[in-house]
Amino acid sequence: MNTLTLQNLKDIVSGNAAAFRRVVKLEPVGGPGAKVFPPTYEGGKYATEKRWFNGKLVDCVLLDSVQSQANRMELALKEAVDEGRISLPVITVDFSKTEAAFVRRVTSLEAPHRIADAILRDSEWRNRVPFRKTSAGKALDNASLQNATELFGYCPTALVFGMWYSTGARGGLGVKFPRAIVSEIIGIGAVPGQRTGGRLDPLKITSSAGPIYETQDGDWTLESQKAKTKADKNGNIVPTLYGKKGKPSEINHGNVTPSLVVQKDQNGNPIDRSGTPTTRMDEWIPIGGFTIDYAQQITVISLPTLRRLRFPVKGKNDADTAARVALTALALCAATLSGEKGYNLRSQCDLYPPDGVPAWEVVGLNRTFSTFSLDAESAIKLFNQAVKEAKGAGLPWHSEGLTLVPREDLVALIVRSRATSDGDQGEEEA
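Just so it is clear, the model here is predicted, and its values are computed rather than measured. (Residues numbered from 1 in each chain as written. Predicted model: local features only at pLDDT ≥ 70, side-chain atom pairs only at ≥ 80, totals over all residues. Heavy atoms only, no water.)

Okay, the pairing of strand 22 (residues 360–363) next. Bridging between strand 1 (residues 19–28) and strand 22 involves 3 bridges; their strand directions are antiparallel. Looking at the pairing, Arg 21 lines up with Glu 361 of strand 22. Relative to strand 23 (residues 369–372), strand 22 runs antiparallel, the two being bridged by 4 bridges. When the sheet's bridge partners are listed, Val 363 is paired in strand 23 with Phe 369. (Pairing = 2+ DSSP bridges. Helix = DSSP H or I, 4+ residues; strand = E, 2+ residues; numbered from the N terminus.)

Counted under the stated rule, the structure contains 4 aromatic pairs. Here the aromatic rings of Phe 152 and Phe 311 are separated by 5.6 Å at their centres, their planes lie at 70°, and the arrangement is edge-to-face. You can see Phe 152 sitting in helix 5 (residues 149–154) and its partner Phe 311 sitting in the loop between helix 7 (303–307) and helix 8 (320–340), a full 159 residues away along the chain. With respect to class, Phe 152 is no different from Phe 311; both count as buried. Aromatic ring contacts, followed pair by pair, group Phe 152, Phe 311, Phe 383 and Trp 397 into a single cluster. Lying over the aromatic face of Phe 102, Arg 418 brings its terminal NZ or CZ to 3.7 Å of the ring centre. (Phe/Tyr/Trp six-rings, centres within 6.5 Å; stacked < 30°, edge-to-face > 60°. Buried < 20%, exposed > 50% of the residue type's maximum accessible area, 1.4 Å probe, protein only. Lys NZ or Arg CZ within 6 Å of the ring centre and 35° of its normal.)

Tracing the chain through its elements places Ser 123 in strand 6 (residues 123–125). Judged by its relative accessible area of 1%, Ser 123 is buried. If we skip the residues at most four places from it in the chain, Ser 123 touches Val 93, Val 129, Pro 130, Phe 131, Leu 404, Val 405, Pro 406, Arg 407 and Leu 410. (Contact = heavy atoms within 4.5 Å.)

This paragraph deals with the pattern of salt bridges. Inspection of the entire model under this criterion finds 22 salt bridges. Of the charged contacts in the structure, one is a salt bridge between Arg 346 and Asp 64, with a shortest N-O distance of 3.4 Å. Taken as a pair, Arg 346 in strand 20 (residues 343–346) and Asp 64 in strand 3 (residues 56–64) lie far apart in primary sequence, 282 residues in all. Accessibility expressed as a relative area gives 1% for Asp 64, which makes it buried. In the salt-bridge network here, residues are joined through shared partners; they are Arg 121, Asp 122, Arg 407 and Asp 409. (Salt bridge = Lys/Arg side-chain N within 4 Å of Asp/Glu carboxyl O.)

One open sheet holds the 5 strands; their spatial order is 5-4-24-6-7, and the pairing between them is mixed. Both outer strands of the open sheet, strand 5 (105–107) and strand 7 (129–130), are each paired with one neighbouring strand and no more. Judged from the 2 bridges that link them, strand 6 and strand 24 (residues 402–406) form a sheet pairing that is antiparallel. Looking at the pairing, Glu 124 lines up with Val 405 of strand 24.

Turning to the packing of helix 8 against helix 9 (residues 376–392), a few remarks are in order. Two elements in contact, helix 8 and helix 9, have axes whose closest approach is 8 Å; the angle formed by their N-to-C orientations is 160°. Judged by the angle between their axes, helix 8 and helix 9 are roughly antiparallel. The handedness of the crossing between helix 8 and helix 9 comes out as left-handed. Each of Ala 322, Val 325, Ala 326, Ala 329, Leu 330, Leu 332, Cys 333, Thr 336, Leu 337 and Glu 340 in helix 8 lies in contact with helix 9, whose residues at this interface are Ala 376, Ala 379, Ile 380, Leu 382, Phe 383, Ala 386, Glu 389 and Ala 390. (Axes fitted to C-alpha atoms, helices over the stretch in contact; angles between N-to-C directions. Parallel < 35°, antiparallel > 145°, perpendicular 65-115°, else oblique. Left-handed = near helix turned anticlockwise from the far one by under 90°.)

Among the nonpolar cores identified, the biggest contains 83 residues, and Phe 20, Ile 115, Phe 152 and Met 163 are the most heavily contacted of them. Looking at this core element by element, the count peaks at 13 residues for helix 8. Val 24, Val 36, Ala 190 and Cys 349 belong to the second largest nonpolar core, which has 17 residues in total. (Core = buried A, V, L, I, M, F, W, Y, C linked by side-chain atoms within 4.5 Å.)

Attention now moves to the environment of Arg 310. The topology assignment puts Arg 310 in the loop between helix 7 and helix 8. Overall, Arg 310 belongs to the partly exposed group, its relative accessible area being 33%. Taking the C-alpha atoms as reference points, Arg 310 and Asp 219, separated by 91 residues in sequence, lie 59 Å from one another. Excluding its chain neighbours within four sequence positions, the residues that come into contact with Arg 310 are Leu 145, Gln 146, Asn 147, Ala 148, Thr 149, Asn 317, Asp 320 and Arg 324.

Over its 17 residues, helix 2 (residues 66–82) extends 24 Å from the first C-alpha to the last, a length consistent with the 24 Å expected when each residue adds 1.5 Å. Listed as buried for helix 2 are Ser 68, Gln 69, Ala 70, Met 73, Glu 74, Ala 76, Leu 77 and Ala 80. Summarising the contacts, the buried residues of helix 2 are in contact with strand 3, helix 6 (156–161), strand 10 (181–188), strand 19 (294–302) and helix 8. Note on helix 2: the residue one or two positions beyond its end, Gly 84, has a positive phi of about 75°. (Expected span 1.5 Å × (residues − 1).)

Turning our attention to the pairing of strand 19. Here strand 1 runs beside strand 19; their pairing, made up of 8 bridges, is antiparallel. From the neighbouring strand, Val 23 faces strand 19, where its bridge partner is Ile 298. Relative to strand 19, strand 10 runs antiparallel, the two sharing 8 bridges. Pairing of Ile 181 across the sheet is with Ile 301, part of strand 19.

Geometry only, nothing functional implied.
So, in structure tokens, the structure goes:
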């Protein structure tokens, strides 16, 4: 099989092919019958759905989302940059000399919204120049589908993985770049499992050993006079119980009765599939992973998405193809490097490709396909060659990077959040 060369890539990108595509068949490393645990979403729910396979509707479960796959690919690129294997523009926010030094550094390859993330927006360059006033910030502010040249130079990954500049002055009207690469992993033939929970306390602490009180510093005590106080519903000042009822289990002591792990509402009541609390065990929704027939990773690099981008240099569009080729090579490199790191998606969700990783397909018109092999070293070589040609075409490439420091009020917000954290931190995927 032919290895993809730079000339192949230029011909494909400048032609009319629809996409690069790679479909990897995966299986649980534990073998047939081994359970895999998908990510859970609000309310402890799994993302299940039916999909068409070979003319039949099949039960499927999402094992790794598009957003999560993008994050894994960006981290693979970051590691390649750190190891000096590729040259890539990266913007870094350095927290090391602030009160929030525990954050260390956050880069545009880690921030959820890439160069458009609020972490960068709320940071400064030398002499307290706001990020949006720097050349990189102006490149972001002025970027459009018709002129992505400067953004290409500061954050090409935003053009590959997508970006919406909703954190800027224009809010929801900020510029959007659709994802050029989309990858996800789904479990096919998914059958839900059941999980049990429970704990046997070696100290044999019983629930009657309480009550447990909460102290001013958030610790616990058995002595009511050492507890912090509060007013009850009658206005009387009383010591504060730890947790809801002051039981030893609230401080992680005592036995926990073995039980089925199921989806529950905010009050801890099991719910049915309509979200209604129910005491009928046959209506409860188990949270116990899945057994699957097999899993499948589908990765698509959309060439029409990249062809919509224009890269004028000195008033001419002669560099369009060079930029698109470099971005396609970047997407291929990210997917290839990420795939070679394996498929440990999370605890109890390890997959592997029993038949190896297949070649990339070029999806053409009228169901025409051609295939190319591409291992990690070949992908890196191809990307570095494409970047060299892009620079030769006059395109910017700020591989020296840009280092920012967080604004003082951002640092204060982080420190205050850590001091008052009560576990209500929201989650949002990029």
